[in-house]
Each structure stands twice: as C-alpha cells, then as structure tokens.
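# Summary of the model geometry
Given next are the chains, with one letter for each unit.
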Amino acid sequence: MSEIERQVRGWWARLMAWLHGAQHGGAAERAKTAFHDVRTSDTGRKAESALRDLRDSDAARRAEAAFRDLREGDAGRKAKEAFRDLRDSEAVAKARDAARDMVRDLREGEARRKAKEASRDLRDSPAGHDKS
C-alpha cells in the first residue's frame with residue numbers, strides 16, 4: 001500500500017470514527033450520508049479505481065524502490081546523520097529554549113493575562129455573540 005493511500009485511508013478511518021462516535025446529531029448524520037454518497041457515486045468509484053491503479057502502477061513500484069534505496073543506501077545514512085547533527089546543534093537548542101520560554105510566558109506571564117482579557121472582551125462584546 002502506498003504512503004498516499006495509507007494517509008487517505010487513515011484520514012477516512014478517523015473521519016468515520018468521529019462520525020460513529022458521540023456525534024449523533026443531525027449534522028453528523030447528514031455528513032455521514034453525504035460522504036457515503038460520494039464514496040458510492042460514480043466519481044467516488046472512479047477515484048478509488050484510480051488510486052488502486054496508481055498503487056499497482058510501475059511508477060509507484062519504482063518510487064517505492066527508490067525510497068527503499070534512499071532509506072537503506074549511503075545517501076539515506078548521510079541524511080539521517082545530517083538531521084541528527086542539526087537536532088543536536090546549538091541553534092536548535094537555542095530555538096527549543098526560546099520556544100519553551102515563550103510557552104512558559106503564555107502560561108504564566110503578562111501575555112497570558114492580556115490574552116485572557118482580550119478573549120473575555122471578545123466574548124462579552126455584542127460582536128462576539130452568535131445571533132442565530
């Protein structure tokens with residue numbers, strides 16, 4: 001199974017799980033019906049057939065072989081080493097520390113207080129209320 005097909009199937013499975021879950025309202029039922037209609041429609045069957053043909057094509061097999069060679073070959077090893085070096089570099093450490101400080105400030109600092117005030121003001125304003 002190709003990576004694209006795996007991603008599509010994963011997305012579809014998550015969507016269907018959400019629709020089958022606690023979301024039994026009218027909107028969820030309509031969405032489930034619409035997705036079922038799309039999947040069983042002529043266009044849906046053609047798309048499914050096209051994905052199957054893509055997965056089984058010679059180009060897909062060559063691409064999978066190329067990825068396998070890249071993963072297992074010298075270029076893949078060098079790329080892994082480069083990413084490892086980057087991850088362990090001082091620049092990444094500084095960026096990680098800065099992100100940690102930013103998150104801490106958002107949780108505990110003045111930025112949090114200002115964000116809460118802005119959210120409260122928006123919620124309490126007439127424009128923040130849903131009129132429907």
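By convention here, each chain's residues receive numbers from 1 onward along its written sequence. Where totals are concerned, whole chains, interfaces and linings use all residues; where local detail is concerned, this predicted model gives features only for residues with pLDDT of at least 70, and gives and counts side-chain atom pairs only at 80 or more. Only hydrogens and water are removed before side-chain values are computed, so all heavy atoms of the structure are retained for them.

## Examining the overall build of the protein chain
- Scanning the protein chain for helices and strands turns up seven helices and zero strands.
- Numbering of helices and strands starts at the N terminus; helices are DSSP runs of H or I of at least 4 residues and strands are runs of E of at least 2. When its helices and strands are written in sequence order, the protein chain yields α-α-α-α-α-α-α.
- For the protein chain, the computed accessible surface area is about 10900 Å², with 57% contributed by carbon and sulfur atoms. The method behind every accessible area is Shrake-Rupley, applied with a 1.4 Å probe, and residues are considered shielded solely by the protein chains displayed.

## A closer look at a nonpolar patch on the surface
- Two distance rules govern patches: like charges are joined within 9 Å, and nonpolar side chains (Val, Leu, Ile, Met, Phe, Trp, Tyr) within 5 Å, applied only to residues with over 30% relative accessible area and no salt bridge. Within this document, salt bridges are pairs made up of a side-chain nitrogen of Lys or Arg and a carboxyl oxygen of Asp or Glu, the two lying within 4 Å of each other. Where nonpolar side chains cluster on the molecular surface, the patch consists of Ile4, Val8, Leu51 and Leu54 and spans about 320 Å² of accessible area.
- Looking at the nonpolar patch, the elements that each hand over two or more residues are α1 (3–20) and α3 (42–56).
- Structurally, Ile4 can be placed in helix α1.

## A closer look at a positive patch on the surface
- A contiguous patch of positive charge on the surface is contributed by Arg68, Arg71, Lys80 and Arg84.
- Among the secondary structure elements, those contributing two or more residues to the positive patch are α4 (58–72) and α5 (74–87).
- With respect to the helices and strands, the residue Arg71 is situated in helix α4. In this count, Lys and Arg are taken as positive residues and Asp and Glu as negative ones, while His and the chain termini are left out. Working definition for charges: the position is that of NZ of Lys, CZ of Arg, CG of Asp or CD of Glu.

## Topic: the pattern of salt bridges
- Counted by the stated rule, this structure contains nine salt bridges.
- Linking Arg104 and Asp101 is a salt bridge whose minimum nitrogen-to-oxygen distance equals 3.1 Å. Linking Arg104 with Asp101, this pair stays in helix α6 (residues 90–108), spanning three residues, or about one helical turn.
- The rule is simple: take the accessible area with a 1.4 Å probe, protein chains only, and divide by the maximum for that residue type; under 20% is buried, over 50% is exposed, in between is partly exposed. On the basis of relative accessible area, Arg104 is assigned to the partly exposed category, the value being 39%.
- Asp101 sits in the partly exposed class, given a relative accessible area of 36%.
- One salt-bridge network, held together by shared partners, links Asp74, Arg77, Lys78 and Glu81.

## Some details on the confidence of the model for the protein chain
- For the protein chain, the mean per-residue pLDDT works out to 77, and 86% of the residues sit at or above 70.
- Helix α2 (residues 26–40) is the least confidently modelled element of the protein chain, averaging 73 in pLDDT, while α5 averages 84, the highest of any element. Along the chain, pLDDT gives the predictor's confidence residue by residue, from 0 to 100.

## Quick look at the packing of aromatic side chains
- In summary, the pairing rule links any two rings of Phe, Tyr or Trp, Trp by its six-membered ring, whose centres are within 6.5 Å, and it sorts them by plane angle into stacked for under 30 degrees, edge-to-face for over 60 and tilted for everything else. Applying the stated criterion across every chain yields a total of one aromatic pair.
- Taking the centre distance of 6.3 Å and the plane angle of 55 degrees together, the rings of Trp11 and Trp12 count as tilted.
- We classify Trp11 as partly exposed; its relative accessible area is 46%.

## Looking at the environment of Gly44
- Structurally, the position occupied by Gly44 is in helix α3.
- In this structure Gly44 comes out as buried when scored by relative accessible area, which is 15%.
- Here a residue-residue contact requires only that any non-hydrogen atoms of the pair lie within 4.5 Å. Not counting the four nearest positions on each side in its chain, Gly44 is found in contact with Val38 and Arg39.

## Topic: the packing of α4 against α5
- To define axes, lines are fitted to C-alpha atoms, for helices over the stretch in contact only, and angles between the resulting N-to-C directions are given on a 0 to 180 degree scale. Two elements in contact, α4 and α5, have axes whose closest approach is 4 Å; the angle formed by their N-to-C orientations is 60 degrees. One element, α4, and the other, α5, form an angle in the oblique class. For the pair α4 and α5, the contacting residues are Leu70, Arg71 and Glu72 in the first and Asp74, Ala75, Gly76 and Lys80 in the second.
- Residues are sorted three ways: Asp, Glu, Lys and Arg are charged, Ala, Val, Leu, Ile, Met, Phe, Trp, Tyr, Cys and Pro are nonpolar, and all the rest, Gly among them, are polar. Across the contact of α4 with α5, the residue classes break down as two nonpolar, one polar and four charged. Comment on the angle field: the value is read as roughly parallel under 35 degrees, roughly antiparallel over 145, roughly perpendicular from 65 to 115, and oblique elsewhere.

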